[in-house]
Every structure is written in structure tokens, then in C-alpha cells.
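The primary structure of each chain is shown beneath.
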Amino acid sequence: MSRKVQAVAVPEGGFRRIAVLRLSSLGDVVLTLPVVHALRAAYPTAELDYWVKEEFADLVAHDPAITHVRELERDARKVEDLVSMSAELEKHDLIVDLHASSRTRLLTFRQRGVVLRTDSRRLQRARWIHARWTHPQPLPHVTERYAATLAPIGVPVNQAPRVSVRPVTEAWAQAERDSLAPAGVCVALAPGAAHETKRWPEERWCALEAALAGLGVGRMIIGTAAERRALPRLDAQVSASGGAKWYTESIERAAALLGVCTVAVTHDSGLMHLAAARGRPVVALFGSTSPVLGFRPVGEHHTVICRELACQPCTLHGRKACPLGHFRCMTTIEPAEVLAAVQARLSSAVQG
Ligand code: SF4
């Protein structure tokens, strides 16, 4: 359904001080970057600040379009902290709220500058999870929803997300890739996700990793230290084999590693969006969520594996356990199917 756009008066000479707010999470921050880059193109001399939780600041810290990253510290997120921080936003003549959460509403409450807020489509998303019998339409991709936020000021958003890293980090990642894969063909595996029902079972990751080893391609396993601890068999297998290595690195380094791999295999996770935003083809495994919620990887050169069961999606973000007990959304995805998808992407990447 098309929504009416109410134009907002743009000051003569354009906006001078712009703040973009998206406090979390990794994938969502990645998907805001087309808006950031469109604002920079429209207002090349403006100060452009990005507000984000400190754990995700590394993702935007090296983006040349951003003047300053305002990090929200872990211990400064209470209501009283946010009220006092909101004073910092008073100098901005344009605030773009791409989170639309209670925190960002508090930060933008009674600001004098223009406030543009994304339409979170919470009700439509909730219909997909809780009231499927009402036949909801698939949601637009999140990047389209974010882009629509700038419609009132007439700024077009037409680029895909791109994440910047420093040249020194790029060089480090290339050296890592070359140490694993002298022929240059390397697959990144991202076996983590915040919620259990988004994770493909460990023994399947082990089977995929072993099959890739058999093909002679390098394997970079990327995830947090907690994800590594949660996958002890995969960790042991990787440690014992040549051409493979676990990386528990900063977001910038993870972005650099994903940028030098040939193909990435991920869940529906922040690393899925990060790999796509580094221009790499992704094989994405969807469990309890679904692309209909608007979160498929951006671009044409990806393979989404999603069973589209009647119960899927059963959650927006993920659960601790399958409410039906069988977890078929993930357990019916076989390593051979994923391997075939990876091989298809590998051969088109090598030919391209
Ligand atoms: S099998 Fe269905 S109910 Fe169970 S976690 Fe997957 S999508 Fe949810």
C-alpha cells in the first residue's frame, strides 16, 4: 500500500547539521548506510553524525560520509541518560531516526530540528508472526523502508549498502586469506546467530566445512568468542585441519575478512548483511525467520535457502527453541544442498 508523503521545507542552502540514529543491531546498522550515503551526496558540506550503541560503532567508524560517531555507552542508556543526551541533538537541523524505538523517540522528543522517522511496520510484521490467516503482504525490504524516510525532503536513495574499512585492515585480511588459500578461493563460514532457532545444527556446519576442505578451498570461520565456545566440535575440527582458521575479531576486521572471501555462508544474521555489503555473494540459511519480513541479503548474487514451512516465520528475531519441537525449518536443510549452492556461487565468482 502506498503511503502519503508530506513534504518538509528544506532550508535554503540545505541542512547543515544532520544526525542519523540507529542504535542497533549489526545488520540493521549495515542497512542504514544507503541513507547515510544519500544524505552525504545531497548535503556534501553538512556535519553528519551517526548515533549508535558502542558495540556497533566500529561498523560506521571508518565511513568517510560520517563526520562523527556518537557512541551510546553500555552504562548510559537509562531514561535519565537519554534525556540528558538529547540536548546534544538540539544543534542538528535534521534528525533521521531509522530505529523508531522508545530510546530514539526519547532522544528526539521536543527537538526543534526536522525529525524524520522510519515507519517500523511493526503491525504488519506482527501479522506475519501471529495472524497469518489475515493474509499479510510480504514486507518491503528494510532498505526500501529506510529510503522512504527521506521522501519528505526529496532525497533519493538508490545505492546498495557498502561498509568501509581502513586500507591497513584490508591488507591484513588479504594476507590472512592468502595464508589459508594460496589459490585465492576461500569460503567464509559464519555459524553464529543471536538466537537458537536461527542456527543450523553444528554437525551440519562440520559436514560442510569438511566437504569444502575436500575441495581444497580455504575456510574462514567468523564469529564471536561465545559462538566459538558454543560450537566445540566445529572448533576442534577447524583447529585440526589445514587451510582453515577461526576468527573472533572486531567488526571492522570481520568486514575486511568477508570482503576478501569468495563466497560467504551465513544464517539470517548481521554477518549476512555485512558480507553482502562488502560485495560478496552469500548463501543464507533462514530458520525461524523468513525473507518475507524484509531482511533478505541485498543484491541479486545471493542464494537464500528457506524451507517456507507453514509455521515459518514463527518469530521476528529468533527463539530459544522450536515451539513445535521438530525444528524442521533448519533440520531439513542438508549439507549437500548448501555445498551445491556454494559451488554454484564459487564457479560464477571464479568465472566473473
Ligand atoms: S520449524 Fe517452524 S515453528 Fe519450529 S522454529 Fe522453525 S519456523 Fe519456528
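This is a predicted model, so every value here is computed, not measured. (Residues numbered from 1 in each chain as written. Predicted model: local features only at pLDDT ≥ 70, side-chain atom pairs only at ≥ 80, totals over all residues.)

(A) Focus on the overall build of the chain. In terms of regular secondary structure, the chain is built from 14 helices and eleven strands. Computed over the C-alpha atoms, the radius of gyration of the chain is 21 Å, within 12% of the 20 Å expected from 2.2 N^0.38 for a compact globule of 352 residues. Overall size of the chain, expressed as C-alpha extent along the three principal axes, is 60 × 50 × 40 Å. Here the chain holds 352 residues, and 41% of them are scored as buried. Taking all contacts inside the chain whose residues are at least 6 apart in sequence as the whole, residues at least 24 apart take part in 68%. (Helix = DSSP H or I, 4+ residues; strand = E, 2+ residues; numbered from the N terminus. Rg over C-alpha atoms; globule rule 2.2 N^0.38 Å. Buried ≥ 20, exposed ≤ 12 C-beta atoms within 10 Å, placed from the backbone. Contact = placed C-beta atoms within 7 Å.)

(B) Representation of the site of the ligand. Taken together, 14 residues lie near the ligand, and S288, C311, C314, C322 and C329 sit nearest. Its residues placed into classes, the shell around the ligand shows eight nonpolar, five polar and one charged. (Near = placed C-beta within 6 Å. Nonpolar A, V, L, I, M, F, W, Y, C, P; charged D, E, K, R; others polar.)

(C) Summary view of the pairing of strand 4 (residues 94-97). Covered by surrounding structure in strand 4 are L94 and V96 together with I95 and D97, the residues of both alternating faces. Pairing of strand 4 with strand 5 (residues 114-117), which is carried by four bridges, proceeds in the parallel orientation. Opposite L94, over in strand 5, you have V114 as the bridge partner. Handedness of the crossover joining strand 4 and strand 5 through helix 4 (residues 102-108) is recorded here as right-handed. (Pairing = 2+ DSSP bridges. Right-handed = clockwise from strand over helix to strand, strands pointing away.)

(D) Quick look at the sheet that holds strand 1 (residues 17-21). Reading across from one edge, 3-2-1-4-5 is the order of the five strands in this open sheet, with parallel pairing throughout. Pairing within the sheet leaves two strands with one partner each, and these edge strands are strand 3 (68-72) and strand 5. Averaged over all adjacent pairs, the angle separating strand axes in this sheet is 20°, with direction ignored. (Axes fitted to C-alpha atoms, helices over the stretch in contact; angles between N-to-C directions.)

(E) Main features of the packing of helix 1 (residues 26-42) against helix 12 (residues 270-277). One way to put it is that helix 1 packs onto helix 12 with a least axis distance of 7 Å and a crossing angle of 30°. By the angle between their axes, helix 1 is roughly parallel relative to helix 12. Between helix 1 and helix 12 lies a crossing of left-handed hand. Between helix 1 and helix 12, the contacting residues are L26, G27, V30, L31 and L33 on the first element and G270, M272, H273, L274 and A277 on the second. A breakdown of the residues in the contact of helix 1 with helix 12 according to their chemical character gives seven nonpolar, three polar and no charged. (Parallel < 35°, antiparallel > 145°, perpendicular 65-115°, else oblique. Left-handed = near helix turned anticlockwise from the far one by under 90°.)

(F) The nonpolar core, seen in detail. A188 and L258 are the most contacted members of the largest nonpolar core, which has 92 residues in total. Here this core takes eight residues from helix 1, the largest share from any one element. Each of domain 1 (17-153) and domain 2 (167-351) contributes no fewer than three residues to this core. For A188, the residues in contact, after removing those within four places along its chain, are M220, I222, L257, L258, C261, A264 and A275. (Core = buried A, V, L, I, M, F, W, Y, C linked by C-beta atoms within 7 Å. Domains from an automatic or database assignment.)

(G) Here's a closer look at the sheet that holds strand 11 (residues 303-306). Pairing within the open sheet is parallel, and its six strands lie in the order 8-7-6-9-10-11. The two strands at the open ends of the sheet, each matched to only one other strand, are strand 8 (244-247) and strand 11. When the angles between neighbouring strand axes are averaged without regard to direction, this sheet yields 15°.

(H) Region of the structure containing the domain arrangement of the chain. Entries for the chain in the domain assignment read domain 1 (17-153) and domain 2 (167-351). Here domain 1 and domain 2 have C-alpha centroids that lie 27 Å from each other. Counting residues at the interface gives 20 residues for domain 1, matched by 19 residues for domain 2. Within the residue set of the side of domain 1 that touches domain 2, elements represented by two or more residues are helix 1, helix 2 (57-60), helix 5 (122-130) and helix 6 (142-148). If you tally residues by element for the side of domain 1 that touches domain 2, the top one is helix 1, at five residues. Partitioned by chemical class, the residues of the side of domain 1 that touches domain 2 number twelve nonpolar, five polar and three charged.

(I) Highlighting unusual backbone geometry. Put simply, S24 and S25 share a cis peptide bond, and its omega is -15°. For S25, the position within the fold is in the loop between strand 1 and helix 1. The backbone of E308 shows a phi angle near 50°, a positive value even though the residue is not glycine. With respect to the element layout, E308 can be found in the loop between strand 11 and helix 13 (328-331). A residue is classified by how many C-beta atoms lie within 10 Å of it, and E308, with 11 of them, is exposed.

(J) Local environment of helix 1. Between its first and last C-alpha atoms helix 1 spans 25 Å; for 17 residues at 1.5 Å apiece the expected length is 24 Å, and the two agree. With respect to burial, helix 1 is a largely interior element, twelve of its 17 residues being buried. The inward-facing, buried residues of helix 1 contact strand 1, strand 2 (47-53), helix 2, strand 4, helix 6 and helix 12. (Expected span 1.5 Å × (residues − 1).)

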